[in-house]
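Okay, here's what each chain looks like letter by letter:
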Amino acid sequence: MNLNERTTPWSRLAAAARLVTDDRDTAAPYGFATRVAALALAQERKVVSLFERFAFRALGAAFLMAVLSVAANYSVLSPSPALAEDELIEDDAVAVLLDA
Amino acid sequence: MPDDDPPFDLAGCLDRVRRQDQMAARELVEHLYPLVIRIVRSHLPRRVAEEDLAQEIFLKMFTRLAQFQGAVPFPHWVSRIAVTTCIDHLRAQKRRPEFRWADLSESEAEVLDNVMTNQNDVPANDAMASHELVHKLLNQLKPDDQLVVRLLDLEQKTIAEIAQITGWNQSLIKVRAFRARRKLQKLFQELQKTERS
């Protein structure tokens, strides 16, 4: 279908429509560029700050979990003076056998 | 009067924008606005303000700026963002109700009758009515088909140019153009039938 031949109703109609020129102003409206530039750069900063905020929160949560886990297992980690060597031997079947 | 303005330093401006220079970002928007607004006006979906759509396009441009490798000229890259954003809006809008003869203004109906019954060109003083009619008819097509016909038949772009703007391959564009023109032909036939009845 060759439109240049103007054989179809559509081609004739399109040819007539092309005669209309758009005379509207193409310059950016007042304040448009400033607004868009500010929004664009703020958007980038927001993405960065969102990352920062999550990163700091994750760091805080990790620290808290580390402290809690140390506190919960403190009794196991710390050397107990009350635990005598004899008591340990009593629990050890091999030691009891060797002592006998 | 000679134009004393120095040529716009696009590469320098982009470098400054990448360094978060707000003034450069503003200059870039002002420089590209005519290009973007022409695309927006040609493919503006119903009930969408052109300024809102232009703003959306520019924000996308800034967000994706890191992806621009310079393989194509920057204005071409921005044009593609503008066209795809318009297409997304056209796809999102609801389908128009059926196109009827009764919905046309008197001058539009006259032009339509003229092109359907007469092999001659439409008189120049009917250009505005033809323009309106063309847009009403195009709104009946699928967004992708609409875009191809607009670029091909109204803006008289070549298939290669459309491929560059849309990123679609040339065969696909030809198929879409063929399908869209056939649908338009069918629309004309249906209108002729309803007018006679």
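Residues numbered from 1 in each chain as written. Chains lettered and ligands numbered in written order. Predicted model: local features only at pLDDT ≥ 70, side-chain atom pairs only at ≥ 80, totals over all residues. Heavy atoms only, no water.

**What about the overall build of chain A?**
Counting its regular elements, chain A contains 5 helices and 0 strands. Shown N-terminal to C-terminal, the secondary structure of chain A runs as helices and strands in the order α-α-α-α-α. Buried residues in chain A amount to 19% of all 100 residues. For chain A, the computed accessible surface area is about 7700 Å², with 64% contributed by carbon and sulfur atoms. (Helix = DSSP H or I, 4+ residues; strand = E, 2+ residues; numbered from the N terminus. Buried < 20%, exposed > 50% of the residue type's maximum accessible area, 1.4 Å probe, protein only. Areas by Shrake-Rupley, 256 points an atom, 1.4 Å probe, with all protein chains shown as cover.)

**Side note on the layout of surface pockets**
Remark: the empty space left among the atoms is shown by a probe the size of a water molecule rolled over them. Residue and element names in this part refer to chain B. Looking at the largest pocket, its volume works out to about 1200 Å³. What lines the largest pocket is a set of 34 residues, and nearest its centre among them are Arg 38, Arg 41, Ser 42, His 43 and Glu 155. Top element by residues in the lining of the largest pocket is helix 2 (residues 22-42). It accounts for 5 residues. For the lining of the largest pocket, the per-class residue count stands at 10 nonpolar, 10 polar and 14 charged. (1 Å grid on protein atoms, 1.4 Å probe; cavity = no way out; pocket = protein on both sides within 12 Å on 5 of 7 lines; lining within 4 Å. Points joined across faces, edges and corners; volume = space filled by probe spheres on them. Nonpolar A, V, L, I, M, F, W, Y, C, P; charged D, E, K, R; others polar.)

**Some thoughts on the confidence of the model for chain A**
As a general rule, the predicted coordinates of low-pLDDT regions are not to be interpreted in detail. In the predicted model, chain A carries a mean pLDDT of 77, and the fraction of residues at 70 or more is 72%. When pLDDT is averaged over each helix and strand of chain A, the minimum, 61, is found for helix 4 (residues 85-91) of chain A and the maximum, 87, for helix 1 (residues 9-17) of chain A. (pLDDT = per-residue confidence, 0-100.)

**Quick notes on the nonpolar core**
Residues Val 17, Leu 28, Phe 58, Met 61, Phe 62, Phe 74 and Trp 77 of chain B are the most contacted members of the largest nonpolar core, which totals 46 residues. At the level of secondary structure, the elements contributing two or more residues to this core comprise helix 2 (32-72) of chain A together with helix 1 (10-18), helix 2, helix 3 (50-63), helix 4 (74-92), helix 7 (143-154), helix 8 (159-166) and helix 9 (170-196) of chain B. No other element matches helix 2 of chain B, which puts 10 residues into this core. Of all hydrophobic cores here, the second largest spans 27 residues; its members include Val 111, Leu 137, Leu 138 and Leu 187 of chain B. (Core = buried A, V, L, I, M, F, W, Y, C linked by side-chain atoms within 4.5 Å.)

**Some details on the pattern of salt bridges**
According to the stated counting rule, one finds 15 salt bridges over all chains in the structure shown. For Glu 56 of chain B, the salt bridge goes to Lys 60 of chain B, with nearest N and O atoms at 4.0 Å. Of the two residues, Glu 56 of chain B and Lys 60 of chain B are both situated in helix 3; the distance of 4 residues between them amounts to about one turn of the helix. Between Arg 176 of chain B and Asp 144 of chain B there is a salt bridge whose closest N-O contact spans 3.2 Å. On the criterion of sequence distance, the pair formed by Arg 176 of chain B in helix 9 and Asp 144 of chain B in helix 7 is long-range, its members being 32 residues apart. Accessibility classification places Arg 176 of chain B together with Asp 144 of chain B in one group, the buried group. What emerges from the salt-bridge pattern is a single network uniting Asp 22 and Arg 24 of chain A together with Arg 41 and Glu 50 of chain B. (Salt bridge = Lys/Arg side-chain N within 4 Å of Asp/Glu carboxyl O.)

**A short note on helix 4 of chain B**
Residues and elements named next belong to chain B. With 19 residues, helix 4 extends 27 Å between its outermost C-alpha atoms, agreeing within 8% with the 27 Å of an ideal straight helix rising 1.5 Å per residue. All of the buried residues along helix 4 are Phe 74, Trp 77, Val 78, Ser 79, Ile 81, Ala 82, Val 83, Thr 85, Cys 86, Ile 87 and Leu 90. Considering only its buried residues, helix 4 is in contact with helix 1, helix 2, helix 3, helix 7 and helix 8. (Expected span 1.5 Å × (residues − 1). Contact = heavy atoms within 4.5 Å.)

**Some thoughts on the interface of chain A and chain B**
Listed as interface residues are 34 residues of chain A and, on the opposing side, 45 residues of chain B. At the boundary of chain A with chain B, the tally comes to 2 salt bridges. As a salt-bridge pair, Arg 35 of chain A and Glu 51 of chain B come within 3.3 Å of each other at their nearest N and O atoms. At the boundary of chain A with chain B, the tally comes to 6 residue pairs in polar contact (both at pLDDT 80 or more). Every element with two or more residues in the side of chain A that touches chain B is listed here: helix 1 and helix 2 of chain A. Considering only residue class, the side of chain A that touches chain B consists of 21 nonpolar, 5 polar and 8 charged. (Polar contact = N/O pair within 3.5 Å; in protein donor to acceptor, adjacent residues only side chain to side chain.)

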